[in-house]
Amino acid sequence: MIVRFRGVRGSIPSPGPATVRYGGNTTCIEIWTDDGELIILDAGTGIFPLSQTLFDKFPLHAHIFNTHSHWDHIQGLPFFIPLFVPNNKVTIYGAYDPITQNGIREILTEQLQYRFFPIRECELNAQIDYRSLRQGESVQIGNTTVTPVLMNHPVTNFGYRIDCNGKSLFFTGDHEPCYNIYDSKDDEFSMYQALIDERNQGIIDEIQGVDLLIADSSYTSAEYPAKKGWGHGTFDSCLEMAEQAGVKQLFHTHHEPTRSDDELEAIFKEVIAKRKYDISEIDLAREGNTIEW
Amino acid sequence: MFYGTVLASFKVMKKTLPADSPEQESIHQRVCGVVDSMPPFPQSVMRLMEMTKDVNCSPKDLVSIIEHDPVMTMKILKLVNSAFFGLSRDVVSIQHALVFLGMNTVKNLAVSIASIDSLPQKSIPELPMESFLTHSLGTAFIAQRLAKDCIQLKDVSEYFIAGLLHGFGKMLFVQLEPQRYGKVLQHVKENRSSLPQLELEEIGMNYGEVGAMLAESWQLPSSLVDCIRMHLFCDAKSSDMSITIAAASMVATAMELGESGETGVDEFPDYVHQRLGVKLEAVIEQFHDLSDEVQQIQSMVGG
């Protein structure tokens, strides 16, 4: 399996000299399975440079799994060049949105409104299929199984577990561990805590034992109180999650757009120096970085 | 004409239709259709809109507003238990829904439910909706206390929800055929007769059955569906929840917390006494100490 980071930045593209080492594109992860299938996790702006490497593989079938519909995870979708070329197939998977009552199809339809983009949906030449997924409803792609897991974010967000020939990875998308809304003196505190413990454990169970965990580590623990409820994790929460799930390798991603490479490295150094974690490898996701095993 | 047709269908169904017939399917759709366009209580809408002006509003307050409104509660439980989420376990409370859907989604769902204005909520003098809501809330509060004190349960949120929703079928009857249901309620009041019995005779279904039918078609947890249906027919073998809700409703009726439309009783039936180990009088006495909570209920529905 080959995993390559194409976009590791959260919220908004952040190009410039201060982010040149880790990259400024928003979320996109390229995966090639052992039997040669292309799986793409999220279509942030990183999907555009990825798409330019695919010409010699046409006609191809790309499977794009969307974690959720916020801009930084869909912004590159209209620029995914295989969509425009006949004989290519693109299947787009993602969550149903309970508020707008829309499935995954509407994302591209909305983006390609003539006012926003010069090419209309009906002018895309590839065969495009859409599949709205439910929690736990696995998709089989060749030898690979992709399983959506409901995470915690202001909009419905699926994490995806990918299993292929005994190799595995999990990508959280955007995720904030659930927290207790009651004060410890409230009657409801322990009841709510039990629900949260069960819910967080359910997520850990889904991640259990993966080779590679790619997790939303937007904030430091010091920054978190001001951002509580925004739907993102911290470096510490991801380390704990990785440790509890017994993962082999953890990559922190969804880097804050205002954070320079130097600041990012300083924070990372400080976080992992705090204590020893029972995780073989811990690193920062970096645009262009490839993991093969 | 539409309502008459629905009620005529109820009669036919009760007497002759098999459970999975196309006619019953159509009744499900009609009942669900009425509820889909049913707005929540205006006080809940006002409180919700006021609260959500603040982008950082408190999740605790949000839960409190939603779980004091049967319409919002029913609709949110419907969504979170629907096949779209495919959750591996039943979601039985608003707190539980919050844990799965997240604060923002629940807030926006509540706001979208609150903005439904296609069908004004009907109210009839024989059972004003605010009085019905007070009874439902009273039953919910009492049920969770009984569950905690008499059954020694730690998580009593499901009992609160069951208390809140146990009489939802009455709301459906008021929406579907207000005049006819008004006469049924009037007759019960004048003759101190059994409301479920008269509903069955006059309408073809009792409020427990129609409420359960809706809850079932919305795929709400089976424990909740059974309780809504069976709390009217309790005996010594009934579930803890059915007996507790039946008892709580009797207490709320006896304490004249709002209006239930039902005839009050002077004493708990034996099966309640045996299961909960308390007498009606003692529970009423106990709840006199809870006047703050009761006042809180009254002020909530009073706007």
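Residues numbered from 1 in each chain as written. Chains lettered and ligands numbered in written order. Predicted model: local features only at pLDDT ≥ 70, side-chain atom pairs only at ≥ 80, totals over all residues. Heavy atoms only, no water.

1. Digging into the overall build of chain B
Within chain B, the secondary structure is distributed over 18 helices and zero strands. Residue burial in chain B is summarised as follows: out of 303 residues, 57% are buried. Within chain B, contacts between residues separated by at least 24 positions form 72% of all contacts whose residues are at least 6 apart in sequence. Per element, the accessible surface of chain B, about 12,600 Å² overall, is 51% carbon and sulfur. (Helix = DSSP H or I, 4+ residues; strand = E, 2+ residues; numbered from the N terminus. Buried < 20%, exposed > 50% of the residue type's maximum accessible area, 1.4 Å probe, protein only. Contact = heavy atoms within 4.5 Å. Areas by Shrake-Rupley, 256 points an atom, 1.4 Å probe, with all protein chains shown as cover.)

2. Regarding the overall build of chain A
What chain A contains, in helices and strands, is five helices and 14 strands. Taken over the C-alpha trace, chain A has a radius of gyration of 19 Å; the compact-globule value for 293 residues is 19 Å, and the two agree within 12%. Seen along its three principal axes, the alpha-carbon backbone of chain A occupies a region of about 60 × 40 × 40 Å. Counting the 293 residues in chain A, one finds 55% classified as buried. Here chain A displays about 12,200 Å² of accessible surface, and carbon together with sulfur accounts for 50% of that area. (Rg over C-alpha atoms; globule rule 2.2 N^0.38 Å.)

3. Examining the nonpolar core
Grouped together as the largest cluster of nonpolar side chains are 138 residues, with contacts concentrated most on Leu41(A), Phe65(A), Phe168(B) and Tyr181(B). Ranked by residues supplied to this core, first place goes to helix H8 (residues 129-150) of chain B with 11 residues. Residues within four places of Phe65(A) in sequence aside, it is in contact with Ile39(A), Ile40(A), Leu41(A), Asp42(A), Tyr93(A), Leu133(A), Val139(A), Ile141(A), Val146(A) and Tyr160(A). The next biggest cluster of nonpolar side chains, apart from the first, holds 25 residues, and it includes Cys238(A), Leu239(A), Ala242(A) and Val271(A). (Core = buried A, V, L, I, M, F, W, Y, C linked by side-chain atoms within 4.5 Å.)

4. Looking at helix H13 (residues 207-217) of chain B
Residues three or four positions apart in an α-helix share a direction because the helix packs 3.6 residues into each turn. Residues and elements named next belong to chain B. Counted residue by residue, H13 has nine buried out of 11 residues, so it is predominantly covered. Those residues of H13 that sit buried are Tyr207, Gly208, Glu209, Val210, Gly211, Ala212, Met213, Leu214 and Ala215. The opening residue of H13, the one whose side-chain oxygen lies 2.9 Å from the backbone nitrogen of Gly208, is Asn206. Gln219 occupies a position one or two residues after H13 and carries a positive phi of about 60 degrees. (Polar contact = N/O pair within 3.5 Å; in protein donor to acceptor, adjacent residues only side chain to side chain.)

5. Quick word on the packing of H8(B) against helix H15 (residues 240-254) of chain B
Residue and element names in this part refer to chain B. For the pair H8 and H15, interaxial distance at closest approach is 8 Å and the crossing angle is 125 degrees. By the angle class used here, H8 and H15 are oblique. In the packing of H8 onto H15, the handedness of the crossing is right-handed. Residues His135, Gly138, Thr139, Ile142, Ala143, Leu146 and Ala147 of H8 lie in contact with H15, whose contacting residues are Thr244, Ile245, Ala247, Ala248, Ser249, Val251, Ala252 and Thr253. Taken together, the residues of the contact of H8 with H15 sort by class into nine nonpolar, six polar and no charged. (Axes fitted to C-alpha atoms, helices over the stretch in contact; angles between N-to-C directions. Parallel < 35°, antiparallel > 145°, perpendicular 65-115°, else oblique. Left-handed = near helix turned anticlockwise from the far one by under 90°. Nonpolar A, V, L, I, M, F, W, Y, C, P; charged D, E, K, R; others polar.)

6. Digging into the pattern of salt bridges
In a structure, side chains of opposite charge can pair up when their charged atoms sit close to one another. Across all of its chains, the model carries 25 salt bridges over all chains by this definition. Lys60(B) is paired through a salt bridge with Asp186(A); the nearest N and O atoms lie 2.8 Å apart. Highlighted residues: Lys60(B) in helix H4 (residues 59-66) and Asp186(A) in the loop between strand S10 (167-171) and helix H3 (189-207), drawn from two different chains. Since its relative accessible area comes to 23%, Lys60(B) is described here as partly exposed. The partner of Arg229(B) in a salt bridge is Glu216(B), and the shortest N-O contact between them spans 3.1 Å. Here Glu216(B) lies in helix H13 and Arg229(B) lies in helix H14 (residues 222-230), a separation of 13 residues in the sequence. Assessed through its relative accessible area of 17%, Arg229(B) is described here as buried. For Glu216(B), a relative accessible area of 43% corresponds to the partly exposed category. In the salt-bridge network here, residues are joined through shared partners; they are Asp183(A), Lys185(A), Asp186(A) and Lys60(B). (Salt bridge = Lys/Arg side-chain N within 4 Å of Asp/Glu carboxyl O.)

7. Brief notes about the packing of aromatic side chains
Summed over all chains, the structure comprises 10 aromatic pairs over all chains. Centre to centre, the rings of Phe141(B) and Phe160(B) are 5.5 Å apart; their planes meet at 70 degrees, and the pair counts as edge-to-face. Remark: Phe160(B) occurs in helix H9 (residues 157-165) and Phe141(B) occurs in helix H8; sequence separation between them is 19 residues. The exposure classification of Phe141(B) matches that of Phe160(B), with both residues buried. Against the face of Tyr22(A) rests Arg286(A), its NZ or CZ located 4.6 Å from the ring centre. The lysine or arginine in question, Lys170(B), covers the ring of Tyr207(B), its NZ or CZ lying 4.5 Å from the ring centre. (Phe/Tyr/Trp six-rings, centres within 6.5 Å; stacked < 30°, edge-to-face > 60°. Lys NZ or Arg CZ within 6 Å of the ring centre and 35° of its normal.)

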